Amino acid sequence: MAKPAPARTPDRHGRFGPYGGRYVPETLIPALDELESGFAKAWRDKGFTGEFRRLLADFVGRPSPLTFAAKLSKETGRKVYLKREDLNHTGAHKINNALGQVLLAKRLGKKRIIAETGAGQHGVATATACALIGLKCRIYMGTEDMRRQAPNVFRMRLLGSEVVGVDSGTHTLKDAVNEALRDWVANVTDTHYCLGTAYGPHPFPLICRTFQAVIGQEARKQILKAEGRLPDALLACVGGGSNAIGLFHAFMKDATVRMFGVEAGGRGAQLGDHAARFDGGRPGVFQGAATWILQDDAGQIQGTHSVSAGLDYAAVGPEHAFLRDLGRAEYLRCSDTEALKAMHRLAETEGIIPALESSHALGRLDTVCERLKKGGIVIVNVSGRGDKDVAEVARIEGVAL
Amino acid sequence: MKSEVRGPGSEVGPNRIAARLQANANAGRKSFVAYLSAGDPHLDATVELACAFDAAGVDVLELGVPFSDPMADGVAIQASYERALKAGATPRGVIEAVRRIRARCELPLLLFTYLNPVLAYGVEAFARDAAAAGADGVLLLDLPPEQDPAMLATLQAQGLATVCLAAPTTTAERRRFLARNSRGFLYYICRLGVTGERAELPPDLAKRVRELKKAADIPVCIGFGISSPEQAAQAAAAGDGAVVGSHLVKLVEQHGASPDLVAVVAARAKAMADAVHSVG
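Residues numbered from 1 in each chain as written. Chains lettered and ligands numbered in written order. Predicted model: local features only at pLDDT ≥ 70, side-chain atom pairs only at ≥ 80, totals over all residues. Heavy atoms only, no water.

Our next topic: the overall build of chain B. Assigned secondary structure in chain B consists of 12 helices and 9 strands. In summary, chain B has a C-alpha radius of gyration of 17 Å against a globular reference of 19 Å for 280 residues, a match within 12%. Projected onto its principal axes, the C-alpha coordinates of chain B cover approximately 45 × 40 × 35 Å. Residues counted as buried form 63% of the 280 residues belonging to chain B. Of the contacts formed within chain B by residues at least 6 apart in sequence, a portion of 72% connects residues at least 24 apart. (Helix = DSSP H or I, 4+ residues; strand = E, 2+ residues; numbered from the N terminus. Rg over C-alpha atoms; globule rule 2.2 N^0.38 Å. Buried < 20%, exposed > 50% of the residue type's maximum accessible area, 1.4 Å probe, protein only. Contact = heavy atoms within 4.5 Å.)

Next up, the structure:
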């Protein structure tokens, strides 16, 4: 069933098959060229990779554990392992990419970092990396997301970053990305745009994947040590898709390992009620990349809905679109209600409160387990912890705090 | 009648944009390019404004085809797109407005938009319908030419001038590449940043445009941030023409509901055009 991916993606034009590329205003082309060559040089430089690895160990706390979930395993009749990105400093996988990019920006001589954020996790991670490394930082965030993720807004400010609310469009992640791109176009000579997911114009999907690949590299070693064999399946949520590609990448050539990505099914199947790009979208070009996009007949990008701000995005990372075409990865959807149920389940059975984003992956655990033989092994990426979501979940469930 | 613009950018076919800019250049005259977001406040107004612009001496009208996520545009044009979309503007509607404008005047029309609405329409169908309605060119803000040479060829095959952009960050090698791919004129984004009015022109404008003109044997028009007749004249003097967008779009916003909309905005366009044409 699973086929190996081609040896090298993206190609030299930044393409994953027909997806990806570099669809940006002309002003940004030289900056993307500079970033591409600067990144390639840095990644060959042991000084750079050594510093990155040291920070992942000493500052982030890597490797993150691979936890055997005993009760879930019993319930499902499969061996369920949890990759604990929730235990990273700042509470999610986002720090891997943010640290890498801020280190890279410093090496390229940039004075200032900008970033977009949806759930606030990438914003917090970028603000953290900037505080550590000593660069000025401004975060763009949709005003609707600022409401949903108020504690993260305060965290970013505590870390010395400026948080700018974005009130255009749908007041969510896509609008924050537009605003960050506008800032970058205006300040491109001294500013690095620390894009938070495996999305955007080349080389961002490649850079983000490279920095996040540590998730799968660790998980592969950990499962081989624990079980003496590779897993049968990987399971991760997909907004832009960085935690998923981070987990998948090290297993790409392991043809027996099936990969499952879970998109936000929101509150229904209508356009505007979900963020399931592969279900309700079609190919197009948006915010720098060719990929699957939620859009209307006239090509206008549509609003999305998800209980989880981090999955609430109209487009999916281009590599995921390609992996889906190849049949190398499979994509499912999980509704708001199912995700909330999965959050409770993991909290009650394993003592871990997952982020609402990660809860979407967990919400399809039973579906994936049913597709595996009894005793099969699945690794679920718990991409972040749920502390940031506690107030919002209480509000949804009508609990006064 | 117009036919294809063929061959490298140096050749000027009977495309209206190329013909107008070349005729102006031959006469030692600078060109004035105006921008409006089509459908703001509604497409009927766009048709009237376009015809009034023709009478006011505008050389080329860029018609923005509204897009939900205009990442290269500042607040004025973003807001105008939102108004136009709310009023129901679609690419199909804009092409129909082009047909109505073309029935009344010969003003060269350049469709200015982002890639996704064109992809959704279908590139071939868009090229064919836009050309049949009487559009003369297409400028896609998020399509660097190397990303999709076939798309540019499809547009050019219908006689549409594919206007490319160059920026202050553009390298010397890339300037030549962009000039080779551009038809009608080469659009110089004279400053870093998105569209929108600014108080001053960049101090090194003339030098930068000289560099660009060395690479380009088609006219160079200068835009982004030009907000007064004086600035328009100054920018045009540095190259072959000036583009004014946000400034006019804001006037449309202020007078959108007024019966004087067309008169007010056309008067401002005329002041800009006169200033540009007076450059000797």
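A few words now on unusual backbone geometry. Following T9 of chain A, the chain continues into P10 of chain A via a peptide bond in cis, with omega recorded as -5 degrees. Checked against the element boundaries, P10 of chain A lands in the segment before β1 (15-16). Across the junction of H202 of chain A and P203 of chain A, the peptide omega takes the value 15 degrees, indicating a cis bond. The topology assignment puts P203 of chain A in the loop between β8 (191-193) and α9 (204-212). We note that T90 of chain A has phi near 75 degrees; this positive angle belongs to a residue other than glycine. Take T90 of chain A: it is sitting in the loop between β4 (79-84) and α4 (94-107). One non-glycine residue, F224 of chain B, lies in positive phi territory at about 90 degrees. You can see F224 of chain B is positioned in the loop between β8 (220-223) and α10 (229-238).

With that settled, consider the nonpolar core. Core analysis: the biggest nonpolar cluster contains 119 residues, and L99, W184, Y193 and F248 of chain A together with Y187 of chain B have the highest contact counts within it. Looking at this core, you find at least three residues from each of domain 1 (28-56 + 94-208) and domain 2 (63-91 + 213-396) of chain A. Counting residues in hydrophobic clusters, the runner-up holds 77 residues, among them V65, A127, L205 and A273 of chain B. (Core = buried A, V, L, I, M, F, W, Y, C linked by side-chain atoms within 4.5 Å. Domains from an automatic or database assignment.)

Our focus in this paragraph is the interface of chain A and chain B. One widely used convention gives an interface's size as the accessible area the parts lose upon coming together. Between chain A and chain B, the residue contacts involve 35 residues of the former and 35 residues of the latter. Across the chain A to chain B interface the summed buried area is about 2600 Å²; carbon plus sulfur atoms make up 55%. Where chain A meets chain B, there are 2 salt bridges. Salt-bridge contacts for K174 of chain A lead to D69 of chain B; the nearest nitrogen and oxygen are separated by 2.8 Å. Listed by contribution, the elements that provide at least two residues to the side of chain A that touches chain B are β2 (19-23), α1 (29-44), α8 (173-186), β11 (282-286) and β12 (288-293) of chain A. With 8 residues, α8 of chain A is the largest single contributor of residues to the side of chain A that touches chain B. (Buried area = accessible area lost by both parts, 1.4 Å probe. Salt bridge = Lys/Arg side-chain N within 4 Å of Asp/Glu carboxyl O.)

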